[in-house]
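Residues per chain are reported as follows:
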Amino acid sequence: MKLQIQSSKVRKTKVLLSFFVALVISVFFFSFAPAGLFQNNVEKDIVHWHYTGYGPDDFVKLNPYINYLTGYYDVLTSGGSGGLMPLFLFVKTQEIKRAEQARLDSLRKKALIYGRPEEAGVDHHKLMMIDSIVLDAIEKGAMPGAQVFVARRGRIIYEKAFGHHDYNGKTPVQMDDLYDIASITKIAATTLAAIKMMQEGSLDLDAPLGNYFRDTIIRYTHFKTDTLIRMDSICLAELSADQIDLLKESEDIFIFGDSLMVQRNMIIDTVVPEKNIFSVPVRYLLVHQSGLNPSLPILPYYLYAESYAKIIIEEMEYEELLAQRMEHYEEVPQAGNGIILEETSEVDPNIIEASPVHFDLEEAFGYFYSKTLEKGEAETKVADSMYLRNAFRDSLFADARRIRVHEDVKYQYACINMILLQMAIDSINGVDLDAYLKHEFFRSLGMANTTFNPLSFFPKERIIPTENDHKWRRQQVHGTVHDPSAALMGGIAGNAGLFSTASDLGIFGQMLLNGGAYNGVEYLEKEILDQFTKKQAENHRGLGFDKPSENGIHAKDIHPDSYGHLGFTGGALWIDPVNEIVFVFLSNRVTPNASNNTFAKLRVRQNVHQAVYDAILD
């Protein structure tokens, strides 16, 4: 009997030893198996290697051994409570997951490569439908030319230029020609900078805008041109006590030292309202719920002929009113070194009727603008041979500070939001947006054809023209920004002004799709980028980014998680993270006239975008 018990113990020992040896061999085998052997489907591997030989108690008993060998104590504890899974499989599963994550991390840092559409799961025959759509639109006068870029799964599968720079048909569009991308600037410049600065801690989305300006004074006083302001001084020493007491009762009397000041038609500064542009949180600018009046106050400079006529009339009225009022005052002699002007009769402010004003258009132009760059006088280039005078540039920014902020903060898409954000960004960085982006992003990314004010860096022949502006600039806009607000700001603005190519924007889009990394460099933190690209609680948009909507200008099959932006000049950029698609369409549909509706009627951008989804095989 004793021998039998010993034999039983020996058998149990041998079983346990065999199990331990098998376990060590299994761990060794799975650890050094070919890299791709178990990387296809982690969940499938778990089911396939399900083993019923050991239960939860066995796992608990063997935890110390496996923990010593592998260091996966927490994994094994959860495995033990789960039932019948072999320990070594849990170890290998974690290795598979980590290897897969490493592979994905590596992929998201890679640069775009060229590939066949089928390599990216796209039917190249169906993708060619893009050609038909674009050529038909050109033939019907929707735009003179276009660039189209499509990448999927890190491969460029479509990259083509169509048509000509304009309807003259002399200059074919090339893939390295620069388009005015209009409001795509909002994400490819302003929002991009905001993400970078937020992750560095220099920009807080919930802080008021005023935190990022050195000067937040807002002067609300407006002196009307027909207001007569008179100030005289009287020496108090020459007046009796009764005279002084009598004068002190007037609201127009101020005492400075031994003098008494008399002011007629006094103007009182308006108190700065509690809600003003500097009180708006940065986040509300990005979601277009700031409550701000929607545009920069540019009308006086845009309609310069009408503005000049008004100025002349007001000056004429002022001179006549001044002369008329002087006739109604008489001097009251006083001792000392001053006089008091007493008003002897009322003056009817409506007595002067506005008379027609005649002036030469060149005269009006010269009042606001210069045809040449004048240092210290006119330095803001608006268009060819058109420089805004510095005094009016300063007035424009002063007026921008006085923009009304409404209590109702419903969604209202407005360029002023991104303009003010760009001003804050420039204030923080101490350089303009163009210099900052080139240093932080564009040069390193290889976006060599992306810039503000392209005439400073590229020949005019490589820049696509936009509108033939007959009203304001009175010329073909070519090489300077089409958007009036951005033009009056010198071409560098948060709402528009960036020029680029479809291929360059494709790189930008792929960097976003990669989670903020490209070609081995991490530009943005994925977690922060995700905050910007997801739908916000305030409305249907992201932070700076547009999102798909029921009537949006995008493919009908676009995934809801997609994000991007449109451009008024005829552009679109959409990134679909689920289907791994970067789509760019650029055109100059505003040539020669921005009121051309053929582009919209033909739904060119939507149809080209949908052709990509129609070609997907998987």
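Before reading further, recall that the structure is shown in the block above.
Residues numbered from 1 in each chain as written. Predicted model: local features only at pLDDT ≥ 70, side-chain atom pairs only at ≥ 80, totals over all residues. Heavy atoms only, no water.

Trainee: Sorry if this is basic, but what is going on with the overall build of the chain here?
Mentor: In terms of helices and strands, the chain carries 21 helices and 21 strands. Pairs at least 24 apart in sequence give 69% of the contacts found in the chain among residues at least 6 apart. Of the roughly 31100 Å² of accessible surface on the chain, a fraction of 53% belongs to carbon and sulfur atoms. (Helix = DSSP H or I, 4+ residues; strand = E, 2+ residues; numbered from the N terminus. Contact = heavy atoms within 4.5 Å. Areas by Shrake-Rupley, 256 points an atom, 1.4 Å probe, with all protein chains shown as cover.)

Trainee: Quick question: what am I supposed to make of the pattern of salt bridges here?
Mentor: Under the defined criterion, the tally for this structure stands at 22 salt bridges. Among the ionic pairs, D434 bridges to K438, the shortest N-O distance being 3.3 Å. Taken together, the residues D434 and K438, both in helix α16 (residues 433-445) and 4 residues apart, mark about one turn of the helix. Overall, D434 belongs to the buried group, its relative accessible area being 8%. Here K438 falls in the buried class, since its relative accessible area comes to 10%. (Salt bridge = Lys/Arg side-chain N within 4 Å of Asp/Glu carboxyl O. Buried < 20%, exposed > 50% of the residue type's maximum accessible area, 1.4 Å probe, protein only.)

Trainee: Is there a simple way to think about the nonpolar core in this case?
Mentor: As a rule of thumb, soluble globular proteins bury nonpolar side chains together. Core analysis: the biggest nonpolar cluster contains 104 residues, and Y369 and L437 have the highest contact counts within it. Apart from residues no more than four positions distant in its own chain, Y369 is found in contact with Y301, Y302, Y304, V382, M386, Y387, L388, R389, W472 and L488. Core analysis: the next-biggest nonpolar cluster, separate from the first, contains 32 residues, V122, A137, F162 and F599 among them. (Core = buried A, V, L, I, M, F, W, Y, C linked by side-chain atoms within 4.5 Å.)

Trainee: Explain the pairing of strand β19 (residues 563-567) here, please?
Mentor: Of all 5 residues that make up β19, 5 are buried, and the element is covered over most of its length. In β19, alternate side chains face the same way, and those of Y563, H565 and G567 on one face and G564 and L566 on the other are all buried. As judged from the 5 bridges shared by β19 and strand β20 (residues 571-576), these two strands associate in the antiparallel manner. In the sheet register, G567 faces β20, and the bridge partner there is G571. (Pairing = 2+ DSSP bridges.)

Trainee: When you look at the environment of N390 in this model, what are you seeing that I'm missing?
Mentor: With respect to the helices, strands and loops of the structure, N390 is situated in helix α14 (residues 390-401). In sequence terms N390 and Y369 are 21 residues apart; their C-alpha atoms lie 9.1 Å from each other. The contact partners of N390, leaving out residues within four places of it in the chain, are G376, E377, A378 and E379.

Trainee: Even after reading the chapter, I still don't get the environment of H165, so can you show me in this structure?
Mentor: If you trace the backbone, H165 turns up in the loop between β3 (155-163) and β4 (179-180). C-alpha separation for the pair H165 and I463, spaced 298 residues apart in sequence, amounts to 8.3 Å. Contact partners of H165, with chain neighbours within four places excluded, come to P144, T171, P172, V173, D177, E461, R462, I463, I464, P465 and N588. Only 2.8 Å separates the side chain of H165 from the side chain of D177, close enough to count as a polar contact. (Polar contact = N/O pair within 3.5 Å; in protein donor to acceptor, adjacent residues only side chain to side chain.)

Trainee: In this structure, what is going on with the sheet that holds strand β13 (residues 451-452)? I would like to understand it.
Mentor: For sheets, the rule is that strands pair by backbone hydrogen bonds, running either parallel or antiparallel. Pairing within the open sheet is antiparallel, and its 3 strands lie in the order β4-β16-β13. Both edges of this open sheet fall to β4 and β13, since each of them pairs with a single strand only. The sheet contact formed by β4 and strand β16 (residues 498-500) spans 2 bridges and is antiparallel. Across the sheet, the residue bridging to Y179 is S500, located in β16.

Trainee: How should I be thinking about the packing of aromatic side chains in this particular structure?
Mentor: Where two aromatic rings form a pair, the distance of their centres and the angle of their planes describe that pair. Taken as a whole and judged by the stated rule, the model has 16 aromatic pairs. A ring pair is formed by Y301 and F368, whose centres lie 6.1 Å apart and whose planes are at 80 degrees; its orientation type is edge-to-face. Here the residue Y301 occupies a position in helix α11 (residues 299-302), and F368 occupies one in helix α13 (residues 361-368), the gap between them amounting to 67 residues. Classification of F368 as buried rests on a relative accessible area of 2%. Look at Y367 and F392: their rings are 5.6 Å apart centre to centre, the planes differ by 50 degrees, and that puts the pair in the tilted class. Of this pair, Y367 sits in helix α13 while F392 sits in helix α14; the two residues are 25 residues apart in sequence, bridging distant segments of the chain. Take F392: its relative accessible area is 16%, and that puts it in the buried class. Chaining the aromatic ring pairs together yields one cluster made of Y301, Y304, Y308, F359, F365, Y367, F368, Y369 and F392. Here K438 stacks its cationic end above the ring of F457, 3.6 Å away from the centre of that ring. Seen from the ring of F568, R589 lies directly overhead, with NZ or CZ sitting 4.5 Å from the centre. (Phe/Tyr/Trp six-rings, centres within 6.5 Å; stacked < 30°, edge-to-face > 60°. Lys NZ or Arg CZ within 6 Å of the ring centre and 35° of its normal.)

Trainee: Could you clarify how one ought to interpret the sheet that holds strand β10 (residues 369-370) in this entry?
Mentor: With antiparallel pairing, 3 strands are arranged side by side in an open sheet as β10-β12-β11. Edge positions in the sheet fall to β10 and β11 (378-383), since each has one partner strand and no second. Pairing analysis gives 2 bridges linking β10 to strand β12 (residues 386-389), with the strands arranged antiparallel. Residue pairing across strands places S370 opposite Y387, the latter belonging to β12.

Trainee: Looking at this model, I keep getting lost on the packing of helix α8 (residues 185-200) against α16. Mind explaining?
Mentor: When two helices pack together, their arrangement is given by the angle between their axes and by how far apart the axes lie. Between α8 and α16, whose axes approach to 10 Å, the crossing angle comes to 65 degrees. One element, α8, and the other, α16, form an angle in the roughly perpendicular class. Considering only the axes of α8 and α16, their crossing is left-handed. The segment α8 lies against α16, with A188, A189, T190, L192, A193, K196, M197 and E200 engaging L433, Y436, L437, E440, F441 and F442. Partitioned by chemical class, the residues of the contact of α8 with α16 number 10 nonpolar, 1 polar and 3 charged. (Axes fitted to C-alpha atoms, helices over the stretch in contact; angles between N-to-C directions. Parallel < 35°, antiparallel > 145°, perpendicular 65-115°, else oblique. Left-handed = near helix turned anticlockwise from the far one by under 90°. Nonpolar A, V, L, I, M, F, W, Y, C, P; charged D, E, K, R; others polar.)

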